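Notes for the structure review
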Amino acid sequence: MNVDVNAVINWMQAQRLVLGGSNVTIGFRDRAQELMNFINDLSIGGVRVIYGPLGAGKTTLLSLLAKALRVVNADIAVIYVNYERKVTDVIMPEPLSVSGLVNELVSKVMASIMGVTVGVGQVIELAKALWSYVRELRGINDVLVIHDDLDRWFISSGIGRNAVQELIAMYAGEFEGRPLGESPWGGKYVKVIISVSDQLAVELAWRYRGKGGLMPMLLWNLPHDPFLEVINEVRAQLPSGPAIDPEVLWRLLGGNVRALADLAINYGWDVASWLDGVIRHVRDLIYRETQLLNLPDAQSLIARVRSRVEDPRPDDLVYDALMAREPLIEDNVLMHILGRPLAQLPSEDWVGNDYAYQLPAYYWVLKAMIGKESMMITGTDVVNELMRNLRR
């Protein structure tokens, strides 16, 4: 695929985005490195699985990329299907609109959900219908197919994560070892991007990496400086509320724009109150861990972690503190780092070699609990713990 990288990046960086469903808008920032790596990767066919922390901006990046490619590269057909709201949004060059086809198939799948779990075969029917459509396209040889938020739609509709894993495996199988022209999409050059949040799907892609070009690619939160720019931009539009050092927000949110929107819009910049919700999330996690590890109570788990690690850094939490890995991943506290990062991850205590906290706030909450030897802490305790470390 021949893509004018600079034109794509310039178009995307000129866009303004609505923040958290409010009347607050922000400019699309940075991501130049991610876009450069992503677009360069388009020259390699096969399947890529894009994953990252909740709220990192996967949907924003992919939807804007699809629109940008349509604007600056007329020779590429981009089929972007977003499943987040159980209704597909399809972006494609106007003469090649496929929205009717996709919405008809999705309606059939949705209708069959009433009281019945949808089978994997029905899920795959949608993908195969898109292949047939791509095969019949005239005058276009390069096609990019993006399935965005696929797993969230499947799982929320009662289909289950197995369907997501089977779809990824099926795509990889179709790319693997096919003579030119015998693939379901004919002789066209096709690249498939599947965006997921489910860690099991990512681990499947990693386990079978290389098959059909299958590879997980990590999109992380915004880097430090662009995130501080976003904070200042949001603050200018929502000035009321307590003053907060942007460096404190970086250490709590780690560049996650969705978390920033939640704090600014829903909590009026009240960090302690926002942290109370994070603390409840961690308490629920600790109760799950306690049951899985057959410990007598939550206090025993905190004592166990404290005795084994000085600091709840992500890798240490799994390898040294020996906490059960499944709740940490399933509750979106930790993320397993697999495949190729689209950009360099920050060098911070909450990011390890193999694991990273999706939000640094989880790290600081656990650190405060370990320091007080109790899970009955407040948001103020967490802020105080963070400030002590910031002054060192």
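Everything discussed here concerns the structure shown above.
Throughout what follows, the structure given in this document is the object of discussion. The written sequence of each chain sets the order in which its residues are numbered from 1. Confidence filtering applies because this is a predicted model: local features only for residues at pLDDT of at least 70, side-chain atom pairs given and counted only at 80 or more, and all residues used for totals across whole chains, interfaces and linings. Side-chain descriptors were evaluated using all non-hydrogen atoms of the structure, hydrogens and water having been removed beforehand.

Turning our attention to the environment of Lys-191. Looking at the secondary structure, you find Lys-191 in strand β7 (residues 189-195). Note on classification: 1.4 Å probe, protein chains only; a residue is buried when its accessible area is under 20% of the maximum for its type, exposed when over 50%, partly exposed between these limits. When its relative accessible area of 0% is taken as the criterion, Lys-191 is described as buried. C-alpha separation for the pair Lys-191 and Arg-48, spaced 143 residues apart in sequence, amounts to 8.1 Å. We call two residues contacting when some pair of their heavy atoms lies within 4.5 Å. Ignoring anything within four residues of it in the chain, the contact list for Lys-191 reads Met-1, Asp-41, Leu-42, Ile-44, Gly-45, Gly-46, Arg-48, Val-143, Leu-144 and Val-145. At a separation of 2.3 Å, a polar atom in the side chain of Lys-191 contacts the main-chain carbonyl oxygen of Ile-44. Every helix listed is a DSSP run of H or I at least four residues long, and every strand listed is a run of E at least two residues long, numbered separately from the N terminus. Polar contacts here mean pairs of N or O atoms no more than 3.5 Å apart (in protein, one a potential hydrogen donor and the other a potential acceptor; neighbouring residues in sequence count only if both atoms are side-chain atoms).

Here we take up helix α9 (residues 224-237). Here a helix's expected span is defined as the number of its residues, less one, multiplied by 1.5 Å. Between its terminal C-alpha atoms α9 stretches 21 Å, which fits the 20 Å expected from 14 residues at 1.5 Å a residue. For α9, the set of buried residues is Pro-226, Phe-227, Leu-228, Val-230, Ile-231, Glu-233, Val-234 and Arg-235.

Side chains that differ in charge, positive against negative, can pair when their charged atoms come close. What counts as a salt bridge is simple: a side-chain nitrogen of Lys or Arg found within 4 Å of a carboxyl oxygen of Asp or Glu. For the structure shown, the criterion picks out 17 salt bridges. The residue Asp-349 makes a salt bridge to Arg-313 at a minimum N-O spacing of 3.5 Å. With Asp-349 in the loop between β10 (340-341) and β11 (355-357) and Arg-313 in the loop between α13 (298-308) and α14 (314-319), this pair connects stretches of sequence that are 36 residues apart. Among the residues examined, Asp-349 registers a relative accessible area of 33% and is labelled partly exposed. With relative accessibility at 35%, the residue Arg-313 sits in the partly exposed group. The partner of Glu-385 in a salt bridge is Arg-388, and the shortest N-O contact between them spans 2.7 Å. Residue Glu-385 and its partner Arg-388 are located together in helix α17 (residues 379-390), separated by three residues, close to a single helical turn. Overlapping salt bridges bring together Arg-16, Arg-29, Glu-229 and Glu-233 as one network.

Right, let's get into the packing of aromatic side chains. By convention, a stacked pair of Phe, Tyr or Trp rings (six-membered ring in the case of Trp) has centres within 6.5 Å and planes under 30 degrees apart, an edge-to-face pair has planes over 60 apart, and any other such pair is tilted. Scanning all chains against the criterion turns up five aromatic pairs. For the ring pair Trp-250 and Trp-350, a centre distance of 6.1 Å and an interplane angle of 65° mean the geometry is edge-to-face. Highlighted residues: Trp-250 in helix α10 (residues 246-253) and Trp-350 in the loop between β10 and β11, separated in sequence by 100 residues. Take Trp-250 and Trp-350: they sit in the same class, and that class is buried. Judged by centre distance (5.9 Å) and plane angle (70°), the ring pair of Tyr-319 and Tyr-355 falls under edge-to-face. Remark: Tyr-355 occurs in strand β11 and Tyr-319 occurs in helix α14; sequence separation between them is 36 residues. In this scheme, the term charge over a ring applies when either NZ of a lysine or CZ of an arginine sits within 6 Å of the ring centre and within 35 degrees of the ring normal. Above the plane of the ring of Trp-206 lies Arg-209, whose end atom (NZ or CZ) is 3.8 Å from the centre. Its end group placed over the ring of Trp-269, Arg-235 keeps NZ or CZ at 4.5 Å from the ring centre.

Attention shifts here to the environment of Lys-372. Along the chain, Lys-372 falls in helix α16 (residues 360-372). Taking the relative accessible area as the measure of exposure, Lys-372 reaches 47% and is therefore partly exposed. Taking the C-alpha atoms as reference points, Lys-372 and Ile-302, 70 residues apart in sequence, are found 9.7 Å from one another. Setting aside chain neighbours within four positions, we find Lys-372 in contact with Ile-377 and Asp-381.

We now examine the packing of helix α12 (residues 271-292) against α16. For the pair α12 and α16, the least separation of the axes is 10 Å and the interaxial angle reads 70°. In terms of orientation, α12 and α16 fall into the roughly perpendicular class. For the pair formed by α12 and α16, the contact residues are Trp-274, Leu-275, Val-278, Ile-279, His-281, Val-282, Arg-283 and Ile-286 on the first element and Ala-361, Tyr-362, Val-365, Leu-366 and Met-369 on the second. Of the residues belonging to the contact of α12 with α16, the class tally is eleven nonpolar, one polar and one charged. The axes used here are C-alpha line fits, helices contributing only the stretch in contact, and every angle between their N-to-C directions lies in the interval 0 to 180 degrees. Put simply, angles under 35 degrees are roughly parallel, angles over 145 are roughly antiparallel, angles from 65 to 115 are roughly perpendicular, and the rest are oblique. We call Asp, Glu, Lys and Arg charged. Ala, Val, Leu, Ile, Met, Phe, Trp, Tyr, Cys and Pro are nonpolar, and the rest, Gly among them, are polar.

Looking now at the pairing of strand β6 (residues 142-148). Counted residue by residue, β6 has seven buried out of seven residues, so it is predominantly covered. Strand pairing is defined by DSSP finding a minimum of two bridges between the two strands. With seven bridges connecting them, strand β4 (residues 76-82) and β6 associate as parallel partners. Bridge assignment links Val-78 to a residue of β6, and that residue is Leu-144. Summarising the sheet, β6 and β7 pair through six bridges and their orientation is parallel. Bridging across to β7, Asp-142 finds its partner in Tyr-189.

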